[in-house]
Structures are given as structure tokens and as C-alpha cells.
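Here is what each chain is made of, one letter per residue.
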Amino acid sequence: MSEPRSNLERFVLAGVERLREQDPVLYEILDNEYRRQANVLSMVASSSIADPSALICEASTAMNVTAEGYPGRRFHAGCRHIDQIEQLAIDRAKEVFGAKFANVQPMTATSANEVVMFTVMQAGDKLLGMELDSGGHLTHGSKASISGQVFDAVGYGLDENERIDYDSAMRQALEHRPKLVICGTTAYAREVDWKKFREIADAVDAFLLADITHIAGLVAAGIHPSPIDHAHFTTTCTHKQLYGGRGGLIMIGKDYDQPAPGGKGTLAEMIQKKVFPFFQGAPNQSSIASKARGLAFVGSPEFKAVAQRIVDLSRALAGAFVEKGYRVITGGSDNHIVVVDVREKGITGVNAEKALEDCGIVVNKNRIPFDQRPPSITSGIRLGTNGLAIREMEPQDMVECVDIIHDILQGVRQESDTKYSIEPAARARAEEGVARLCKLRPITTYPPVVD
Ligand code: DSN
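As the structure is a prediction and not an experimental result, all values here were calculated from the model.

Cut-offs and rules
- Residues numbered from 1 in each chain as written.
- Predicted model: local features only at pLDDT ≥ 70, side-chain atom pairs only at ≥ 80, totals over all residues.
- Heavy atoms only, no water.
- Helix = DSSP H or I, 4+ residues; strand = E, 2+ residues; numbered from the N terminus.
- Rg over C-alpha atoms; globule rule 2.2 N^0.38 Å.
- Buried < 20%, exposed > 50% of the residue type's maximum accessible area, 1.4 Å probe, protein only.
- Contact = heavy atoms within 4.5 Å.
- Areas by Shrake-Rupley, 256 points an atom, 1.4 Å probe, with all protein chains shown as cover.
- Lys, Arg positive; Asp, Glu negative; His and termini not counted.
- Charge placed at Lys NZ, Arg CZ, Asp CG, Glu CD.
- Salt bridge = Lys/Arg side-chain N within 4 Å of Asp/Glu carboxyl O.
- Near = heavy atom within 4 Å.
- Polar contact = N/O pair within 3.5 Å; in protein donor to acceptor, adjacent residues only side chain to side chain.
- Nonpolar A, V, L, I, M, F, W, Y, C, P; charged D, E, K, R; others polar.
- Pairing = 2+ DSSP bridges.

(A) Molecular detail of the overall build of the chain. Check the secondary structure of the chain and you find 16 helices and 17 strands. The C-alpha atoms of the chain give 22 Å as radius of gyration, which agrees with the globular expectation for 451 residues (22 Å, within 12%). For the chain, the spread of C-alpha atoms along the principal axes amounts to about 70 × 65 × 35 Å. Split into buried and exposed, the 451 residues of the chain put 54% on the buried side. When contacts within the chain are restricted to residue pairs at least 6 apart in sequence, those whose partners lie at least 24 apart make up 71%. As displayed, the chain offers around 19700 Å² of accessible surface, 52% of which is attributable to carbon and sulfur atoms. For the chain, the distance from the average position of its 50 positive side-chain charges to the average position of its 58 negative side-chain charges is 2 Å.

Laid out in C-alpha cells, this is it:
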């Protein structure tokens, strides 16, 4: 490695050295995690492989600064550089998504959604969101979250073709007259029609929130239509397809200066107040730096090719499953997600997930539409291609991935819904296949693992 050129470089190296000397236990765990990521095929649809330049922002001294408030209007001194970082992140978010307003402080996409809910609703108000089982999110009205406990949530789902049932969403809206309609998905492999959702919201004078957490990169690249001027609010996390630090982002398009409910300023002004001080204190400035770095990446010309690769791989992955006789939900994919029904293999989603992980393929169990099994068991698995695109995989590699997955699933002997064994020969073949693919398509942005 070359001599450190800056205080930042010396700081990072000193930090790693101090960690090794002073906390070898934690150091080793972190080193093992680095090794694990290099040696597995990570296909969890809600994960990605952030660039080292984004991750290193998280390890910067920006973390030390307490900076309640917003750039130029802080409640603490010492924020000269912090203000520059946050303004950069705001400007980049606005530019990448064509937004008129951006707040980069939410610590998670969940809190970003909650901020929007509390901006336009009071406790007990009606909310219309996509049901979790159909591919929505906990924060879209599930009883397990604030969204379904504080607000009176009703849901819409999928039609008989497993596509979003816009007619049912409209019927639900007309019957229940929600204050907020939420669209956006976590396990839906097809395009979302934002315009239709705005028509549904407008029909009952509701606000519309588009949660693009899973597809933000495709939206940024113009591969999926943008909701920014259809929805009143657009939220996303910044660590999946934006490849930045962990956290959330709230944006508003053309409606940014519309009056907020209760005549208390504009929508943009109300979001600012609801993020801080209503919901959060001092934001995580290291994460904001890392968000700024991720946003620069997705705003760069080279990201278009990454985004296109995400979709090409997903289509090839879905096609390879179909070729092998699996039921792929909706029959294919338009984004990074592929959801596969594993019932015909005689196994549960959780056993499939665990067996695949045993062999180095990381996916997650997922309920399929109208699933009879609970979320802890499920009848399906969800796969995603954000990480594989960073490995610069090619569509033909997806055939090999599915061959390996099929070999494993064929070799699983299910003992109960949560217990299984894998035929040793199938496991050995799979491990060899995963090692071969990881070597062929390494994470080129990370230094190789040394033993
Ligand atoms: N919503 C969860 C998922 O999609 O996996 C976490 O982001």
C-alpha cells in the first residue's frame, strides 16, 4: 500500500491498527465478515455491495460532530464542514431524482416513512397501503409496526395474475377515504404504476407516499419510471440500490410547496420539522457523508450500466428458474427481485433459505402471494441481483447459479417445517460451484481476501 497522503488516510489506518491491538475479538469477527462476503453469493434482494469509498465515509470523524438542525441553522457550533457534507448530499439527491426538496437525515427508511405519516396524519387516521403478504412493507400499515398500530390501516393486494390490483386499491380508497395512500413494494418483481396510484389518492383527496426503497437505483437510472412528481412524498433507504451508507431519504417533487395539513407551512417545511425535532435528534453525519458518496455513484454515467445489469441478471435468473420447472411469482422480473415458490420441492421457504446458506448462497425466505404459512416459515424464497451486478456477473452466470440452487434444493431432505438435511454429495458440488463463481466474478471493488 502506498504511503498515506492525507490525515484521513492516516486516521483510517490508525483506527484499524488500534482495533487489531486493543480489541482482537471484534477485529477478527469483522475480518471474518469481510471474508464471508467475498466467498458467498449474496442474493438478498434488500442488500447490496457498497463501494469502499462509501463505507469509509461511515468511518470518518464526521461521526463525532453533534449537529442538531440543518445546514446554516444548527443548535451546536463546529458544523462548518458538516454543513458542507449535508448540503452536498441534499444537492445530489435532488439532482439524481429531479426532486425539488430532499431531507437526508432520517436514520432509516422506516423512520422516513413514519415522518411522512406523522406529517399528514393524526393518530387514528385511515391509511391505505399494500399488504405485507402481497409484497408491501411493515411500515405500509402492518399491525406489527407503528403504521398499523397508531393509524387505522386498510390494505390492497394482488389480483389473480399476482399483479398489483389497482381496481381493488381504488375501491378500498373510495370505501375508507384514507388520509394517506402508500405505494412501493419489497417483494414485487414488476413495474409500479405511480400515475394510477396518484389517481387513487386524488379521488379521495389523500396524500400519496411512494416508497422506492427497493428500486431507487433503477429509478435514478431511468430504468423504472420515477414517482417523484406523481407522489406527494418519495422515500427510500440509501444502502440498497443507492449503494451508500445505511439510512433514509425523503424527497418531494412538484408538490413541495403545497400547503401541509393544518395550514402549518408547506409540505417541505413540515417534513423538515417532523424529521427534527419531532422524530430525531442529531443526525448521523458519517452516514450522511456516505449517502452523498452513494448518490454520486448512482448519478454517474457508469451507473446506468450497473442498473441495466441488475435488471438483465434478474430476468436471466427468473428465466433460468422457469426453465428448471420452478414457479416464479408473476413469471419473471422487471427489476432486481425474483420470488420463487418452493412448495413443489416439498420444502418450506425457511429450510430452502438455510440449506442454500449452508452451501454459500444467501437469499431470504419470503411469503408468496396467498401463502398459508407464517412469515417465520413461508413457502418461497426471494432473490435479488444488486450484489451480483457489482460482481459484474453476466446473464449466462445466472444459469449456473440456478443449476447450483436446484442441485441443493433437490438434495434437501425435509424432516419438519424447520429441520432438514442436505445430501453430502449435493452440498460438496454446490460449495465447489459457489467457490468457482466467486473466483470467476470477484467483488472487483474490494481487495481480494488473503488467508
Ligand atoms: N424490508 C426489508 C426487506 O425488504 O428485506 C428490509 O429492508
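The discussion continues.
(B) Molecular detail of the pattern of salt bridges. Here the structure, examined in full by the defined rule, presents 26 salt bridges. For Glu199, the salt bridge goes to Lys195, with nearest N and O atoms at 3.5 Å. Highlighted residues: Glu199 and Lys195, both in helix 8 (residues 194-203), separated by 4 residues, approximately one helical turn. A network of salt bridges, in which partner residues are shared, links Glu162, Arg327, Asp341 and Arg343.

(C) Spotlight on the site of the ligand. What surrounds the ligand is the set Ser46, His137, Thr186, His214, Lys240 and Arg382. The side chain of Arg382 places a nitrogen or oxygen atom 2.7 Å from an oxygen atom of the ligand. For the ligand, whose free accessible area comes to 230 Å², the fraction covered by protein is 64%. In terms of residue class, the shell around the ligand is made up of no nonpolar, 4 polar and 2 charged.

(D) The pairing of strand 15 (residues 380-384), seen in detail. Burial analysis of strand 15 places 5 of its 5 residues in the buried class, the great majority of the element. Of the two faces of strand 15, the one carrying Gly380, Arg382 and Gly384 and the one carrying Ile381 and Leu383 are both buried. Taken together, the 5 bridges between strand 12 (residues 337-341) and strand 15 define a ladder with antiparallel strand orientation. When the sheet's bridge partners are listed, Val340 is paired in strand 15 with Ile381. The sheet contact formed by strand 14 (residues 364-366) and strand 15 spans 3 bridges and is antiparallel. Residue Lys365 lies in a different strand from strand 15, and its bridge partner there is Ile381.

(E) Representation of the pairing of strand 9 (residues 233-237). The element strand 9 is largely enclosed, with a buried count of 5 among its 5 residues. Covered by surrounding structure in strand 9 are Phe233, Thr235 and Cys237 together with Thr234 and Thr236, the residues of both alternating faces. Both strand 9 and strand 10 (residues 248-252) contribute to a ladder of 4 bridges, which runs antiparallel. Residue pairing in the sheet places Cys237 in a bridge with Gly248 of strand 10.

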